[in-house]
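# Survey of secondary and tertiary structure
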Amino acid sequence: MQAGELCLIRPRRDTHALRMQRGPLTLFNVAFPGAILNDLCRRYPALHEIWRPVKPQPTVLRLTEAELQWLDGAAGELRRAPQDRMLLDCFLMGLINSFRQSQADPWRACPPWLQEAARAMRQPENMTGGIPAFFKHCRRSPAHVARMLKKHTGMTPSYVVNQARLEHAAACLQDAGAKIQTVALDCGFNSLSYFYRVFRRRYGLTPRRYRRQHATLPAQMGLA
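Please read all numbers here as calculations on a predicted model, not as lab measurements.

Definitions and cut-offs
Residues numbered from 1 in each chain as written. Predicted model: local features only at pLDDT ≥ 70, side-chain atom pairs only at ≥ 80, totals over all residues. Heavy atoms only, no water. Helix = DSSP H or I, 4+ residues; strand = E, 2+ residues; numbered from the N terminus. Buried < 20%, exposed > 50% of the residue type's maximum accessible area, 1.4 Å probe, protein only. Contact = heavy atoms within 4.5 Å. Areas by Shrake-Rupley, 256 points an atom, 1.4 Å probe, with all protein chains shown as cover. pLDDT = per-residue confidence, 0-100. Salt bridge = Lys/Arg side-chain N within 4 Å of Asp/Glu carboxyl O. Patch = residues over 30% accessible without salt bridge, like charges linked within 9 Å, V, L, I, M, F, W, Y side chains within 5 Å. Lys, Arg positive; Asp, Glu negative; His and termini not counted. Charge placed at Lys NZ, Arg CZ, Asp CG, Glu CD. Phe/Tyr/Trp six-rings, centres within 6.5 Å; stacked < 30°, edge-to-face > 60°. Lys NZ or Arg CZ within 6 Å of the ring centre and 35° of its normal.

Looking only at helices and strands, the chain has 12 helices and 2 strands in total. Shown N-terminal to C-terminal, the secondary structure of the chain runs as helices and strands in the order β-α-α-β-α-α-α-α-α-α-α-α-α-α. Relative to its full complement of 224 residues, the chain shows a buried share of 36%. Within the chain, contacts between residues separated by at least 24 positions form 64% of all contacts whose residues are at least 6 apart in sequence. A total accessible area of about 15000 Å² is found for the chain, and carbon and sulfur atoms account for 53% of it.

This is the structure:
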C-alpha cells in the first residue's frame, strides 16, 4: 500500500501484513462485523461489485486530499463515540460513495497535467502517435509519467493509450458503414489481429459483432 490508499480487507479471505519504512506513518484501521456489510449489500446490490468477494485481490481506492480529510474526521468521530450502528452506517456509506466516484472518474486524484494529457489522447489526431504522443502531452520524463500514473490510477501508459483508442473505435463502429480495418488504422492499431484481441478483451465482443449490436442504421422508408 501507498500513502493515501484505502483497502477493504475481507474477513476469512485476505491475509495482510505491514512492512514498515522510514518516516512517519498514520494508519486508520476500522473493523466491524461482516454481517453489517452483508446487510448493506442486501439493501444496495451494487455494493457486491465494490466488495468483490470472488476476486483474488481486495478493493483498493486512492483517496483524494478532500477524501483523506473527511476520512480523518469521520474515523476520529467513530473512535471517540460509543458504538453506534447508525454512525457506522453513515461512515461506510461515505466510503462507498468515494468508491463509486473513483469508478466513475479514475483520474480524479491525478495532478492536472496528467489529466490534461489523458484528455488529449482521446482526440483522434493524437491516437496514432501512441505512447510517445502521450509522453509529449505530459511534458514530463517517461519514467516520471509512468510512476505518477501507477501511483494515482494503477494504470500503465500503454493501457491509457489503448483504452482511449478502444473507446473511440467503439464509437466509430456505431456507424453501420464503417469498415473495421479503417477504424482500426484510424485509431492507431496497425495490426488488425491485435485490434480484434484487445477490443474483445475490453468489450467482450469482436468488433464485427459489436457493430452488429450497436450500429445505427440509416433512415429507411422515411422513418428515422
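The next thing to look at is the confidence of the model for the chain. Chain-level pLDDT for the chain is 81 on average; 83% of the residues reach the 70-or-more range. When pLDDT is averaged over each element of the chain, helix α7 (residues 130-138) comes out on top at 95 and helix α2 (residues 47-51) at the bottom at 65. Considering only residues more than four positions removed or in separate chains, one finds that residues 219-224, a stretch of pLDDT under 50, has 1 contact.

This brings us to the pattern of salt bridges. Considering all chains together, one arrives at 5 salt bridges under this definition. Two residues, R43 and D39, come together in a salt bridge whose shortest N-O distance is 3.4 Å. Here R43 and its partner D39 are both found in helix α1 (residues 34-43), 4 residues apart, which amounts to about one turn of the helix. Classification of R43 as partly exposed rests on a relative accessible area of 43%. In the salt-bridge network here, residues are joined through shared partners; they are D39, R42, R43, R85 and D89.

Another point: a positive patch on the surface. Taken together, the side chains of R200, R208, R209 and R212 make up a positively charged region of the molecular surface. Sorting elements by how many residues they give to the positive patch places helix α12 (residues 207-214) first, with 3 residues. Tracing the backbone through its elements, the reader meets R200 in helix α11 (residues 192-203). The exposure class assigned to R200 is exposed, which follows from its relative accessible area of 52%.

Quick look at the packing of aromatic side chains now. Each aromatic ring pair is summarised here by two numbers: the centre-to-centre distance and the angle between the ring planes. Per the stated rule, a full pass over the model turns up 9 aromatic pairs. Consider the rings of F195 and Y196, whose centres lie 6.4 Å apart with planes at 85°: the pair is edge-to-face. Under the relative-accessibility criterion, Y196 is labelled partly exposed at 23%. Through a chain of ring-to-ring contacts, three or more aromatic side chains come together here, namely F189, Y194, F195, Y196, F199, Y203 and Y210. It is R140 that lies over the ring of W113; its NZ or CZ is 4.4 Å from the centre.

Before going further, it helps to spend a moment on the side chain of N162. Note that N162 resides in helix α9 (residues 157-172). According to the relative accessible area criterion, N162 is buried, its value standing at 14%. Ignoring anything within four residues of it in the chain, the contact list for N162 reads F189 and Y194.

With respect to the secondary-structure elements, L166 resides in helix α9. Since its relative accessible area comes to 1%, L166 is described here as buried. With 33 residues separating them along the chain, L166 and F199 place their C-alpha atoms 6.4 Å apart. In this structure L166 touches F189, F195, V198, F199, R202 and Y203, once residues within four positions along its chain are discounted.

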